[in-house]
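Residue strings, one per chain:
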Amino acid sequence: MRLNNKRALITGGSDGIGLAIAEAFLREGADITIVGRDPGKLQAAHDSLTGARADGTVETLSADLATGIGIEAVVELVKRSGRPLDILVNNAGVAFLVPFADVTEVQFQQSFALNVMAVFFLTQGLMPHLATGASVINISSYFANKMIPKRPSSLYSLSKGALNSLTKSLAFELGPRGIRVNAIAPGTVDTAMRRRTVDNLPAEAKAELKAYVERSYPLGRIGRPDDLAGMAVHLASDEAAWTSGGIFAVDGGYTAG
Ligand SMILES: NC(=O)c1ccc[n+]([C@@H]2O[C@H](COP(=O)([O-])OP(=O)(O)OC[C@H]3O[C@@H](n4cnc5c(N)ncnc54)[C@H](OP(=O)(O)O)[C@@H]3O)[C@@H](O)[C@H]2O)c1
């Protein structure tokens, strides 16, 4: 198993991409901690993860990472355990796909609080508790660099662009401590987040988006959460011991065009 004896923490590990990564890490022998806000979702994720054949352990923590208190709670949990973290996946994120003219200051603050500040200050707070050789994996988005017609993304793209910059600067700064920092930039993945941004579109816009997606993805479909898991396992493992500062597209070929 590729992650035997490693300890991993996955933010937003109770659903979607984070849950698929948590499942894959467990299968590869890691002990995992998943963080989300909703205790019910965390319990359901815990039950499904521990129901699967797995060697590692599963721990959950309810914390709102868009707040300083939530970030402190995660740092405190890791500190109290006395066991350094080998893998940190900064996955929890929020997407407001709102026309530029309509973006509110509250939406701006919420986006940056979770997509940027939480990654910044959680990683900073966990620094003393990261093992030598630790792997930090940030979940970015194709939206940092590539837009979709009629899917206004100024705010979301800005936050994921900032996350990409942070990924590269931290790879540079933390490299001498033996810490690797990479990002995965998924294409569109069928999760609750995607459904939230699509479900309220008028029928015509929904059909247009579906047709656009079908002709834009060389592999002919959008992603499933577990499509991201293989890259996450690779970056978390010692196979990627000399990989840092990369932004890896896992998107069915979408950004190749
Ligand atoms: N889905 C896509 O098409 C897509 C494409 C590219 C990139 N991404 C990125 O992939 C990541 C995961 O997205 P997803 O689609 O898997 O989302 P999702 O299905 O909505 O899951 C989000 C997870 O994050 C947790 N979360 C949300 N807000 C949180 C907060 N303030 N504090 C702590 N946990 C929080 C959620 O649990 P609670 O709600 O209980 O807190 C849940 O576990 C995000 O960074 C997203 O930007 C997604």
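Everything discussed here concerns the structure shown above.
Attention in this report is confined to the structure presented alongside it. (Residues numbered from 1 in each chain as written. Predicted model: local features only at pLDDT ≥ 70, side-chain atom pairs only at ≥ 80, totals over all residues. Heavy atoms only, no water.)

### Section: the overall build of the protein
Here is step 1 of the chain: Within the protein one finds eight helices and seven strands.
Here is step 2 of the chain: Compactness check: the protein gives a C-alpha radius of gyration of 18 Å against a globular reference of 18 Å for 257 residues, within 12% of the reference.
Here is step 3 of the chain: A separation of at least 24 residues holds for 77% of the contacts in the protein among residues at least 6 apart in sequence.
Here is step 4 of the chain: Carbon and sulfur atoms make up 56% of the accessible area of the protein, which amounts to about 12,100 Å² in all.
Here is step 5 of the chain: When the 25 positive and 25 negative side-chain charges of the protein are each reduced to one mean point, those points stand 3 Å apart. (Helix = DSSP H or I, 4+ residues; strand = E, 2+ residues; numbered from the N terminus. Rg over C-alpha atoms; globule rule 2.2 N^0.38 Å. Contact = heavy atoms within 4.5 Å. Areas by Shrake-Rupley, 256 points an atom, 1.4 Å probe, with all protein chains shown as cover. Lys, Arg positive; Asp, Glu negative; His and termini not counted. Charge placed at Lys NZ, Arg CZ, Asp CG, Glu CD.)

### Concerning the site of the ligand
Here is step 1 of the chain: Close to the ligand lie 30 residues; Ser14, Arg37, Asn91, Tyr156 and Thr191 are nearest.
Here is step 2 of the chain: In the environment of the ligand, an oxygen atom lies 2.9 Å from a nitrogen or oxygen atom belonging to the side chain of Lys41.
Here is step 3 of the chain: For the ligand, an oxygen atom lies 2.7 Å from a polar atom in the backbone of Asn91.
Here is step 4 of the chain: With the chains in place, 95% of the 890 Å² that the ligand exposes on its own is no longer accessible.
Here is step 5 of the chain: Here the ligand is seated within the largest pocket.
Here is step 6 of the chain: Looking at the shell around the ligand, the elements with two or more residues in it are α1 (16-27), α5 (154-174) and α6 (192-199).
Here is step 7 of the chain: Considering every element that reaches the shell around the ligand, the biggest residue donor is α6, with three residues. (Near = heavy atom within 4 Å. Polar contact = N/O pair within 3.5 Å; in protein donor to acceptor, adjacent residues only side chain to side chain. 1 Å grid on protein atoms, 1.4 Å probe; cavity = no way out; pocket = protein on both sides within 12 Å on 5 of 7 lines; lining within 4 Å. Sits in = over half its atoms within 2 Å of the grid points.)

### Points about the layout of surface pockets
It is a probe the size of a water molecule, rolled over the atoms, that shows where empty space is left.
Here is step 1 of the chain: Of the pockets and cavities examined, the largest pocket occupies roughly 1,100 Å³.
Here is step 2 of the chain: As for the largest pocket, its lining consists of 46 residues, of which Gly93, Val94, Ala95, Met193 and Arg196 are closest to the centre.
Here is step 3 of the chain: Only α1, β2 (31-36), α4 (105-126), α5, α6 and α7 (203-216) provide two or more residues apiece to the lining of the largest pocket.
Here is step 4 of the chain: When residues of the lining of the largest pocket are assigned to their parent elements, the largest contribution, six residues, is made by α6. (Points joined across faces, edges and corners; volume = space filled by probe spheres on them.)

### Things to note about α4
Here is step 1 of the chain: With 22 residues, α4 should reach 32 Å at 1.5 Å per residue; the first-to-last C-alpha distance of 29 Å fits that figure.
Here is step 2 of the chain: The sharpest bend along α4 measures roughly 45° and falls at Met117.
Here is step 3 of the chain: Of the positions making up α4, those classed as buried are Gln107, Ser111, Phe112, Ala113, Leu114, Asn115, Val116, Ala118, Val119, Leu122, Thr123 and Leu126.
Here is step 4 of the chain: As for α4, its buried residues are in contact with β1 (7-11), α3 (68-81), β4 (85-90), β5 (130-139) and α5. (Expected span 1.5 Å × (residues − 1). Bend = angle between axes of the 7 residues up to and from the residue. Buried < 20%, exposed > 50% of the residue type's maximum accessible area, 1.4 Å probe, protein only.)

### Focus: the side chain of Ser157
Here is step 1 of the chain: Among the structural elements, Ser157 can be located in helix α5.
Here is step 2 of the chain: Residue class for Ser157 comes out buried when judged on its relative accessible area of 8%.
Here is step 3 of the chain: Contact partners of Ser157, with chain neighbours within four places excluded, come to Phe143, Ala144 and Met147.

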